[in-house]
Amino acid sequence: MPPRPDTESVLGRLIAFDTTSSESNLPLVDYLSDLLDRPGVEIRRYGDETKQNLLVRIGPPCEACRGLMLCGHTDTVPAGDAWSSDPFALTDGGDRWLGRGTCDMKGFLALAAECALDVDPEDLAAPLVLLFTYDEEIGSLGARDLCEAFEDPAELPRATVVGEPTQLRAVRAHKGHLRAAVVFEGVSAHSGYPHRGANAIEAAGCGITALAALARELAAERPAGGELFPEVPYEALNLGRIEGGEAVNVVPAHCRLEIGIRLLPGSDPERLLERVRETLEGLGLETPWRLELGRLSPPLETAAESR
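Residues numbered from 1 in each chain as written. Predicted model: local features only at pLDDT ≥ 70, side-chain atom pairs only at ≥ 80, totals over all residues. Heavy atoms only, no water.

Peer 1: When you look at the packing of aromatic side chains in this model, what are you seeing that I'm missing?
Peer 2: Each aromatic ring pair is summarised here by two numbers: the centre-to-centre distance and the angle between the ring planes. Counting across every chain of the model gives 2 aromatic pairs. Centroid distance Y46 to F150: 5.8 Å. Interplanar angle 50 degrees. Geometry classified as tilted. Of this pair, Y46 sits in strand β1 (residues 41–47) while F150 sits in the loop between α4 (141–149) and β7 (160–162), and the two are 104 residues apart along the sequence. According to the relative accessible area criterion, F150 is buried, its value standing at 10%. The ring centre of F229 lies 5.5 Å from the NZ or CZ of K175, which sits over that ring. Here the guanidinium or amino end of K175 rests over the ring plane of Y234, the centre of that ring lying 5.8 Å away. (Phe/Tyr/Trp six-rings, centres within 6.5 Å; stacked < 30°, edge-to-face > 60°. Helix = DSSP H or I, 4+ residues; strand = E, 2+ residues; numbered from the N terminus. Buried < 20%, exposed > 50% of the residue type's maximum accessible area, 1.4 Å probe, protein only. Lys NZ or Arg CZ within 6 Å of the ring centre and 35° of its normal.)

What follows is the structure in structure tokens.
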């Protein structure tokens, strides 16, 4: 058998896989499956030809939800270009490791893999389970798909450590994320004859100004649940992405503005969408527009007294 790799080596391999949410995570899942596969280990993969969740059970089957589960996600946000080192190569930064995902959260995946490699399946009275999902960064899509596909939740331990970087503090609440888009539909024309068209980008500009004002209104409010998030104790609206136009000499017929709203526990997504809709309707735009609902990641809260 090849020698057991140390945690640094495993982390280096994980960092080298570009698992930005827009990319496939299968090479990373293949690597971990091969690394952890041995007698007494059951490996299951859930998903399709581009994205998969990985579930690894070590030891006996779960009975009465006993055992321990180590849970994390395989994807990362885009690396961007502000790096002092290669984001896809593990680099020693002196007091820290540098690389896309070292903290969130391939470092945890490497530690979980180390636990799995260290334990003897025959020594376990209850199972150790590793559960690694895909596309957490864009709405916990893998976790949602797993919930729909998994045969029997009783097969999984109730005791679970989710390895998000929380400075080793238990986190009992998390904001949700409501994604939506405003699509403005103008009329195309040559820029030499602008009166023959309707500029969708100009209409979107009015919408941006109004929604930025709504974001400031929300920032000044203090709804219930905000006290759990003292740094940002409100429902935060972000104007995140805009796309429109074909060429500089063409009146743009289309413009799409994507927004996100961070939800507090107890937030009403429909109420917030209605506020967005009312804000845009109040502009009296002649250019038609529509509001499209995107993915919804619900907020989470566990009672402080919960066992």
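Having seen it, we continue.
Peer 1: I'm lost on helix α6 (residues 269–281) in this one. Help?
Peer 2: One turn of the α-helix equals 3.6 residues, which is why residues spaced by three or four share an orientation. Counted at 1.5 Å a residue, the expected span for α6 with its 13 residues is 18 Å, and the 18 Å between its end C-alpha atoms agrees. Buried-residue contacts for α6 involve β9 (176–185), α5 (200–220), β11 (236–244), β13 (254–263) and β14 (289–297). (Expected span 1.5 Å × (residues − 1). Contact = heavy atoms within 4.5 Å.)

Peer 1: Just checking my understanding: could you explain the packing of helix α1 (residues 7–16) against helix α3 (residues 106–118) for this structure?
Peer 2: Describing two packed helices takes the angle between their axes plus the distance from one axis to the other. At a minimum axis separation of 9 Å, α1 and α3 run at an interaxial angle of 135 degrees. As judged from the angle between their axes, α1 and α3 are oblique. In this structure, α1 meets α3 at a crossing whose hand is right-handed. Within the contact between the two elements, α1 uses T7, V10, L11, L14 and I15 and α3 uses K106, G107, L109, A110, L111, A113 and E114. Looking at side-chain class alone, the contact of α1 with α3 contains 8 nonpolar, 2 polar and 2 charged residues. (Axes fitted to C-alpha atoms, helices over the stretch in contact; angles between N-to-C directions. Parallel < 35°, antiparallel > 145°, perpendicular 65-115°, else oblique. Left-handed = near helix turned anticlockwise from the far one by under 90°. Nonpolar A, V, L, I, M, F, W, Y, C, P; charged D, E, K, R; others polar.)

Peer 1: I'm lost on the nonpolar core in this one. Help?
Peer 2: Buried together is how nonpolar side chains tend to be arranged in soluble globular proteins. By size, the foremost hydrophobic cluster in this structure holds 28 residues, and its most contacted members are L14, L32, L35, L36 and L130. Looking at this core, the elements with two or more residues in it are α1, α2 (26–36), β2 (52–58), α3 and β6 (128–133). In terms of residue count, α3 provides more of this core than any other element does, 7 residues in total. Once residues within four sequence positions are removed from consideration, L32 is found in contact with L14, L54 and F132. Within the second largest apolar cluster, 22 residues are counted, among which are F184, L211, C255 and I259. (Core = buried A, V, L, I, M, F, W, Y, C linked by side-chain atoms within 4.5 Å.)

Peer 1: Can you walk me through α1 in this structure?
Peer 2: Turning to α1, its buried residues number three or more, namely T7, V10, L11, L14 and I15. Along α1, the residues classed as buried sweep out an arc of 135 degrees about the axis, all on the same side. If you follow the buried residues of α1, they end up packed against α2 and α3. (Arc of directions from axis to C-beta.)

Peer 1: Honestly, the sheet that holds β6 in this entry has me stumped. Any pointers?
Peer 2: Hydrogen bonds between backbone groups are what pair the strands of a sheet, and the pairing can be parallel or antiparallel. Pairing is mixed in the open sheet, where 5 strands are placed in the order β1-β2-β6-β3-β7. Where the open sheet ends on each side, the last strands, each with one partner, are β1 and β7. Across the sheet, the mean angle from the axis of one strand to that of its neighbour is 15 degrees, orientation sign disregarded. For strand β3 (residues 68–73) and β6, the ladder comprises 6 bridges, and the chain directions are parallel. Looking at the pairing, L70 lines up with L130 of β6. On the sheet, α2 packs against β1, β2 and β6 and is oriented at approximately 165 degrees with respect to β1. (Pairing = 2+ DSSP bridges.)

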